[in-house]
Amino acid sequence: MDRTRSVSESQSLPTHHFKKSQDNSPPGTAGSISASSSLSSLQSVPNKARKEFAKYSLSKVLADYTFLGNIVTFKPQEAYGFIRSEQVTGDVFFSLNHMDSTDKANCTTGALGKWVNFVIKDCGKKSMEARRVTLVPSSTTVSYLSGRVMNWAKIGCFIQVNSGLGLQHLHNRLFAPLVETNELVIGEVGNEVTFKVHVDRSFRLEGRDVKRGEKNDEVSKEKNNAKVRKARRRAVTEGSIVGNEEDEGATEGEKLMSVKHITNEEFSDELVIAVESMDACDLSALFDKQLKTRLSTLAQQPVGSKVVVAVIKRAARLEGINVEEKITRMVMANFKIICSTKQGCAVVQAGLENFSPANKVMLAEQLLELDTVDEFSALWVHGSHIFSTMLGSLDENSLAMVGFSLSGHYANLSSHIRHYKPVRALLVSLVNTDSFNEILPEVEQELVSLACNKFGHFIISALIESSPSSIKSRLISNFTSKIAILSIHQVCHTVIVTALE
């Protein structure tokens, strides 16, 4: 097959990265938004900005991913050829200049049919090149990565890549079409998976051949066992105790939870005390057999939530147990439902206080799934404290996304008895970031009225105390012309005192 390289394939390689905007918009939100874009334009496309940042993070994670293919065309005089790979749509151009000296010598003596590993460089205009091309044995297999299923769409799922730099760029998301996820249960999130990467001519990356991780195979078996147990319990009359057949060989924890229906009486203080002394084996058995299938329901009950919290705290002190990861996945899948009650928020708070840093971040990133003010307000009814705690686990870009989701509503939210505390926590978290410069004009417009409000003045005082000197001076300048009147105001005088300090 005789091929020549197209003009688009021979052009220079532009570097694709996010440029920091002149108006100090947050990194990661500028993927499709120019430096001159206004805050209002960003407000209208929060999901688009989030997707662009996810793509940017993914490009960082997969920058060194190696594809596998074989050389199908090679022109020794021109020192270039083409690679064909099942992971890439179309043949990929490569140059001998991107091979080491040993591989160059081997290619000049007969390159056709040889297998290579390579990384891909996007050259723009639907053209790509192979870089860091390395000859490999014909027995070499495709490189599979690991990750977690984070959410589902109608046509597939989105995977957070955990391999390589994945845990340093937690916002990365790789789409996998439904046809490639046959082993997964549609709708389940948090499951660990393995997959290979595919790229098309438009440089769209996809996960292919998505398979369950080893841990998920165990979970699947446990679910099947749970279904068998559940079917057997249906024969028991309402309010009765499960028969001796099921109690045979049961642990003490299981016997304490043998009532059929989920009621406050089922989960007694005695069980909470028993959990505190369980070993890893007993705790795993208790969780898998009694809690796992109804965790979201139990988390919303006064006594049931105490049991879940006790399990969370005990699991954090034990080694060699994966209960923490299972609870994290279940809370992620039912976050809004669980946080709709005070008890459910207590469960999430326990996770944020006791889980590993990685699992804390996964819980905190659920804030990025809230798109509207109404969804944030619903969370704050019972969960303003967990909202504030979650902010501490988010990086600057994630904080910016949460902050922009509330743009246009800060004045109203700051004056509400249920909302001013979480808004204060958010603004204080943002005040030392570049993205705060986008939000500051909105706050300044209502600065004096908020300072005179019985709830808003707490926010203004907190901003003055936490702001860097440049922003602090800018805030205080808004009071200069009215300081005499505001100093005797029954509420605003406390803000003036804070400013003077």
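Look up a bit, the structure's there.
Remember, it's a predicted structure, so these values are computed and weren't measured experimentally. Per chain, residues are indexed from 1 in the order of the written sequence. Confidence filtering applies because this is a predicted model: local features only for residues at pLDDT of at least 70, side-chain atom pairs given and counted only at 80 or more, and all residues used for totals across whole chains, interfaces and linings. Just so you know, side-chain values use all the structure's heavy atoms and leave hydrogens and water out.

**Here's the deal with the overall build of the protein**
Now for step 1: Secondary structure follows DSSP: runs of H or I at least 4 residues long count as helices, runs of E at least 2 residues long count as strands, and numbering of each begins at the N terminus. Secondary structure assignment for the protein yields 24 helices and ten strands.
Now for step 2: Counting the 501 residues in the protein, one finds 49% classified as buried.
Now for step 3: Any two residues having at least one pair of non-hydrogen atoms within 4.5 Å are treated as being in contact. Restricting to contacts in the protein with at least 6 residues of sequence separation, those with at least 24 account for 66%.
Now for step 4: Note on areas: these come from Shrake-Rupley sampling with a 1.4 Å probe, and a residue is covered only by the protein chains present in the view. By element, 51% of the accessible surface of the protein is carried by carbon and sulfur atoms, the whole surface being about 23900 Å². The cut-offs for exposure are 20% and 50% of the maximum accessible area for each residue type, with area from a 1.4 Å probe on protein chains only; residues under the lower value are buried, those over the upper are exposed, and the others partly exposed.

**Brief notes about the pairing of strand β1 (residues 67-75)**
Now for step 1: With seven of nine residues buried, β1 is to be regarded as a mostly interior element.
Now for step 2: A pair of strands is considered paired only if DSSP assigns at least 2 bridges between the two. Relative to strand β2 (residues 80-84), β1 is paired through five bridges, and the arrangement is antiparallel. The partner of I71 across the bridge, within β2, is I83.
Now for step 3: What sits between the antiparallel neighbours β1 and β2 is a turn of four residues, in which A79 has the positive phi angle 65 degrees.

**Things to note about helix α18 (residues 420-430)**
Now for step 1: For α18, the full list of buried residues reads Y420, P422, V423, A425, L426, L427 and L430.
Now for step 2: Elements in contact with the buried residues of α18: α15 (373-391), α16 (396-405), α17 (410-414), α19 (436-445) and α21 (456-466).

**Some details on the nonpolar core**
Nonpolar side chains in soluble globular proteins tend to end up buried together.
Now for step 1: Here the nonpolar core consists of buried residues drawn from Ala, Val, Leu, Ile, Met, Phe, Trp, Tyr and Cys, with membership extended through side-chain atoms lying within 4.5 Å. The biggest cluster of nonpolar side chains holds 87 residues, and the ones touching the most others in it are V311 and F479.
Now for step 2: Ranked by residues supplied to this core, first place goes to α15 with eight residues.
Now for step 3: Among all residues touching V311, those that are not within four sequence positions of it are V275, L283, L286, F287, L291, V323 and I327.
Now for step 4: Counting residues in hydrophobic clusters, the runner-up holds 40 residues, among them L62, I71, F118 and W152.

**Here we look at the pairing of β2**
Now for step 1: In terms of burial, β2 is a largely internal element, four of the five residues being buried.
Now for step 2: Examined bridge by bridge, β2 and strand β3 (residues 92-95) share four bridges and lie antiparallel to one another. By the bridge assignment, Y80 is partnered in β3 with S95.

**Observations regarding the pattern of salt bridges**
Working definition: two side chains of opposite charge can pair if their charged atoms are close together.
Now for step 1: Salt bridge, as applied in this entry: a Lys or Arg side-chain nitrogen positioned within 4 Å of an Asp or Glu carboxyl oxygen. As enumerated under the stated definition, the model contains 13 salt bridges in all.
Now for step 2: For the salt bridge of D64 with R132, the shortest nitrogen-to-oxygen distance reads 2.9 Å. Placement of the pair is D64 in the loop between α2 (46-61) and β1 and R132 in strand β5 (residues 127-136), with a sequence separation of 68 residues.
Now for step 3: Put simply, R148, E192 and E325 are held in one network by salt bridges that share partners.

**Some remarks on unusual backbone geometry**
Now for step 1: Unlike most non-glycine residues, F203 shows phi in positive territory, near 65 degrees.
Now for step 2: Using a relative accessible area of 27% as the deciding quantity, one classes F203 as partly exposed.
Now for step 3: Residue D209 is not a glycine yet carries a positive backbone phi of 50 degrees.

**Considerations on helix α11 (residues 323-333)**
Now for step 1: Of all eleven residues making up α11, ten are buried, and the element is well covered by its neighbours.
Now for step 2: Looking at α11, one finds that the buried residues are V323, E324, E325, K326, I327, T328, R329, M330, V331 and M332.

**A look at the packing of aromatic side chains**
Now for step 1: Ring pairs shown here join Phe, Tyr and Trp side chains whose ring centres sit within 6.5 Å, with only the six-membered ring taken for Trp; geometry is labelled stacked below 30 degrees between planes, edge-to-face above 60, and tilted in between. As enumerated under the stated definition, the model contains twelve aromatic pairs in all.
Now for step 2: Where Y80 meets F93, the ring centres are 5.3 Å apart and the plane angle is 40 degrees; that geometry is what we call tilted. On the criterion of sequence distance, the pair formed by Y80 in strand β2 and F93 in strand β3 is long-range, its members being 13 residues apart. Grouping residues by exposure puts Y80 and F93 together as buried.
Now for step 3: Taken together, the ring pairs connect Y65, F67 and F118 into an aromatic cluster.

**Re the packing of α16 against α18**
Now for step 1: Axis angles are defined between N-to-C directions and span 0 to 180 degrees, where every axis is a line fitted to C-alpha atoms and, for a helix, only to the segment in contact. Relative to each other, α16 and α18 sit at 135 degrees, their axes nearing to 10 Å. Here α16 lies oblique to α18, going by the angle between them. Classified by chirality, the crossing of α18 by α16 is left-handed. Together, L399, A400, V402 and G403 of α16 and L426, S429 and L430 of α18 make up the contact between the two elements.
Now for step 2: Amino acids outside the nonpolar list (Ala, Val, Leu, Ile, Met, Phe, Trp, Tyr, Cys, Pro) and the charged list (Asp, Glu, Lys, Arg) are all regarded as polar, and Gly is one of them. Taken together, the residues that form the contact of α16 with α18 break down as five nonpolar, two polar and no charged. By the definition adopted for this analysis, an angle is roughly parallel if under 35 degrees, roughly antiparallel if over 145, roughly perpendicular if from 65 to 115, and oblique otherwise. Here a crossing is called left-handed whenever its near helix is offset anticlockwise from the far helix by less than a right angle, and right-handed whenever the offset is clockwise.

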